[in-house]
Amino acid sequence: MQLSNFSDWLNPQKTEIEAFLKTLVEINTHTANTVGVDHGMDVLSSFAEEKGFIVEVASGRGRLIKMTKGEARPRVLLIAHMDTVFSSDMGFDTYEPLGDGFVRGPGVGDIKGGLVMGLWAMLAIRELFDAYDVQLVVSPDEESGSPSIRDWYMRGHVGADYAIGLEPGFPQGELSPTVPLGVVIQRRGYALINFTVKGKSCHSGVPQEGLSAIDALAHRIVALQPLNDYERGVTVNVGLVSGGVSPNTVAGEANASVSFRYFTMQDGQATKEAIEEILSRQYVYNPILDLWDSVEMQTEAFIPPMEKTPQNLMLADIVLQEAEQLGHHVVPLVRGGGSDANFISATGVPTICGMGAPAQGIHTTEEKIYLPMMFERIELLTRTISRLIVEHPISAAKTD
Ligand SMILES: [Zn+2]
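What counts as what
- Residues numbered from 1 in each chain as written.
- Predicted model: local features only at pLDDT ≥ 70, side-chain atom pairs only at ≥ 80, totals over all residues.
- Pairing = 2+ DSSP bridges.
- Helix = DSSP H or I, 4+ residues; strand = E, 2+ residues; numbered from the N terminus.
- Axes fitted to C-alpha atoms, helices over the stretch in contact; angles between N-to-C directions.
- Core = buried A, V, L, I, M, F, W, Y, C linked by C-beta atoms within 7 Å.
- Buried ≥ 20, exposed ≤ 12 C-beta atoms within 10 Å, placed from the backbone.
- Contact = placed C-beta atoms within 7 Å.
- Domains from an automatic or database assignment.
- Expected span 1.5 Å × (residues − 1).
- Parallel < 35°, antiparallel > 145°, perpendicular 65-115°, else oblique.
- Left-handed = near helix turned anticlockwise from the far one by under 90°.
- Nonpolar A, V, L, I, M, F, W, Y, C, P; charged D, E, K, R; others polar.

A.B. asks: Explain the sheet that holds strand β16 (residues 294-303) here, please?
C.D. replies: Within a sheet, adjacent strands bond to each other through the backbone by hydrogen bonds, running parallel or antiparallel. In spatial order, the strands read β11-β13-β9-β16; together these four strands make up an open sheet with antiparallel pairing. The open sheet has two free edges, formed respectively by β11 (235-243) and β16, since each of these has just one partner strand. With strand direction ignored, the average angle separating the axes of adjacent strands in the sheet is 15°. Looking at chain direction, β11 and strand β13 (residues 253-262) are connected through eight bridges and run antiparallel. Counted as the bridge partner of G243 is A254 from β13.

A.B. asks: Would you take a moment to explain the nonpolar core for this structure?
C.D. replies: As a rule of thumb, nonpolar side chains are buried together in soluble globular proteins. With 80 residues, the main nonpolar core has I79 and I352 as its most contacted residues. Looking at this core, the element that brings in the most residues is helix α4 (residues 108-128), giving 12 residues. Aside from chain neighbours lying at most four places away, what touches I352 is I164, G165, V183, V184, I185, N312, L315, A316 and V319.

A.B. asks: Can you walk me through the domain arrangement of the protein chain in this structure?
C.D. replies: Interface size, as often reported, equals the accessible area lost upon joining of the parts. Considered domain by domain, the protein chain is made up of domain 1 (3-187 + 305-399) and domain 2 (189-303). Taking only C-alpha atoms into account, the centre of domain 1 sits 39 Å from that of domain 2. Contacts between domain 1 and domain 2 engage seven residues on the former and 10 residues on the latter.

A.B. asks: Quick question: what am I supposed to make of the sheet that holds strand β4 (residues 96-99) here?
C.D. replies: Reading across from one edge, β4-β5-β20-β19 is the order of the four strands in this open sheet, with antiparallel pairing throughout. Strands with a single pairing partner mark the edges of an open sheet, and in this sheet they are β4 and β19 (359-360). Where α4 meets the sheet, it contacts β5 (102-104), β19 and β20 (368-370), and its direction lies at approximately 45° from that of β20. Those strands touched by helix α10 (residues 371-391) are β5 and β20, and its axis lies near 65° from that of β20.

A.B. asks: Could you clarify how one ought to interpret helix α8 (residues 310-326) in this entry?
C.D. replies: Because each turn of an α-helix spans 3.6 residues, side chains separated by three or four positions in sequence point in the same direction. Between its first and last C-alpha atoms α8 spans 24 Å; for 17 residues at 1.5 Å apiece the expected length is 24 Å, and the two agree. Summarising the contacts, the buried residues of α8 are in contact with β7 (162-165), β8 (181-187), β17 (330-335), α9 (341-346), β18 (351-352) and α10. Remark: G327 follows α8 within two positions and exhibits a positive phi of approximately 75°.

A.B. asks: For this particular structure, what's the right way to read the packing of helix α2 (residues 14-25) against α4?
C.D. replies: How two helices pack is summed up by the angle between their axes together with the distance between the axes. Direction vectors running N to C along α2 and α4 enclose 140°, while the axes themselves pass 10 Å from each other. Judged by the inter-axis angle, α2 sits oblique to α4. The two elements α2 and α4 cross, and the hand of that crossing is right-handed. Residue-level contacts link I17, F20, L21, L24 and V25 of α2 to V108, K112, G113, L115, V116 and W120 of α4. For the contact of α2 with α4, a count of residues per class yields nine nonpolar, one polar and one charged.

A.B. asks: Is there a simple way to think about the pairing of β4 in this case?
C.D. replies: The side chains of a regular strand alternate between the sheet's two faces. As defined by bridge partners, β4 adjoins β5 across three bridges and the pair is classed as antiparallel. Residue E96 lies in a different strand from β5, and its bridge partner there is R104. What sits between β4 and β5 in their antiparallel hairpin is a turn of two residues, with D100 showing a positive phi close to 55°.

A.B. asks: Is there a simple way to think about unusual backbone geometry in this case?
C.D. replies: For residues besides glycine, phi is generally negative; the peptide bonds are generally trans as well. Across the junction of D110 and I111, the peptide omega takes the value 20°, indicating a cis bond. As for its placement among the helices and strands, I111 is situated in helix α4. A positive phi angle is found at D100, which is not glycine, with a value near 55°. Structurally, the position occupied by D100 is in the loop between β4 and β5. Judged by local crowding, D100 falls into the exposed class, with 10 C-beta atoms found within 10 Å. Its identity as a non-glycine residue notwithstanding, H392 has a phi of 35°, on the positive side. With respect to the element layout, H392 can be found in the loop between α10 and α11 (393-399).

A.B. asks: I'm lost on the pairing of β13 in this one. Help?
C.D. replies: The pairing of strand β9 (residues 189-198) with β13 spans 10 bridges and is antiparallel. Each residue of the ladder has a partner; that of G189, found in β13, is Y262.

A.B. asks: Even after reading the chapter, I still don't get the packing of helix α6 (residues 213-224) against helix α7 (residues 265-280), so can you show me in this structure?
C.D. replies: Closest axis-to-axis distance for the α6/α7 pair is 9 Å, and the angle between their directions is 150°. With respect to each other, α6 and α7 are oriented roughly antiparallel. At the point where α6 passes α7, the crossing takes the right-handed sense. Contacts from R220, A223 and L224 in α6 reach I275, I278 and L279 in α7. Looking at side-chain class alone, the contact of α6 with α7 contains five nonpolar, no polar and one charged residues.

The structure is reproduced here in C-alpha cells:
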C-alpha cells in the first residue's frame, strides 16, 4: 500500500471496522463498572493480538498495544481509554445507525471511535514502512482523571517522542459532512480540593454555646469567588456542599469540594496556594468558648494543563498541512477540559489531542458520530504519524 491509494486499502475493511466499533460500544464500560471495563479491555486485546499487535498490561488495568518493527525512532504514542460516563441503568446501551452515516451510542465518539481509528492507523503504518514504533495506550478510568494510570504516564514510562490523543474531533458547529473539526493544541488543567470545616454543635435555641461550621463554610465559599479570572482562563467552583444534622442544630461540621481549572502550571500552582490560604484562614469566633472554626483539606487531584508549547504547535501544524492536502476542514482548538494528553504533555513530549472520531453530544445520551468522516480521519491520522516517522522533526530541530 502507498499513501496515494489509502482508500483502496481502507474501503474493503470498513465493514469490519464498523462491526468492531459496534462490539466495543455495546459493552458497558462505565468507569465504575470495573468488570465491564476489564471485559472491554480483554475484547480489545484479543482483537489486537489477532491483527498482529503485541499487547501488554499497563499500570494494573490499562493496556499498551504495540506495533513495532526494527530499532525505529521516533516512538509515536496514541492515547485513548476504555471507560465511558454511561452507567448500565441509563438505558443507553446500543449502537444505533441513524441514517446518512450518523451513528448514536454510548462512547461511540468518546472514545471507542477513536480506539478503532488508532488501531487501523497503526495497521496502515505497518503496510507503509519497514521500520516503525507506534503504541496505543488505553486507560481504564480516564473519565475520572485516570487515577490508576496517571502516575505511570507522569513517570514518562512510555518513552514517547510524540503523542496524539484520540479524544473526539470536535465539530465547530452542528455535526455535518462539511463542518470543520478541531485539533486540540491546548487543554486546561484541573484540580480538586475537598475540605471539612469544623465548629461546635449545640441546640439551635442556644447558639452562643456552639460555633456553626456552616457559617464558617459560607465565608470560605464567598472568599473563593474573586479567584475567578476568565481572561486568564482560571475558573474556581465550589460544586458540592453538605453539612449539619438537623434544622434545630448548630452544625458542628460541614464539607465542600472546590475544583479549579487553569491554562498554565504556574496559574495552577498560584491558584492552589491562594485557595489553601483562603481555606485555612479563621472566620468565625465564639468569645464565650474562646473558639475559632478550623479546617482540614485534601487535594484529590491536581492535573497539569496541556500547555500551548512550540512543540505542540509544530505537531498541530503537521496535522493542518496534511488536512489541507486531503481537503479536510481542520482548525486549531483550545479546550477547557482535560484529557490524558495533559499528563503526557506535562512530561515534555510534544502532544496534540482531538484526533479521534467526529462527535457531537458526548457525555449525553445524544452522543453520535459521523461515520464517513471517521473513516476519512483514519487517513489523516496515518498521514500525520507517517510525517513524524519520516521527518522526526524534534530530533531534526535538536541537531540544528
Ligand atoms: Zn474521552
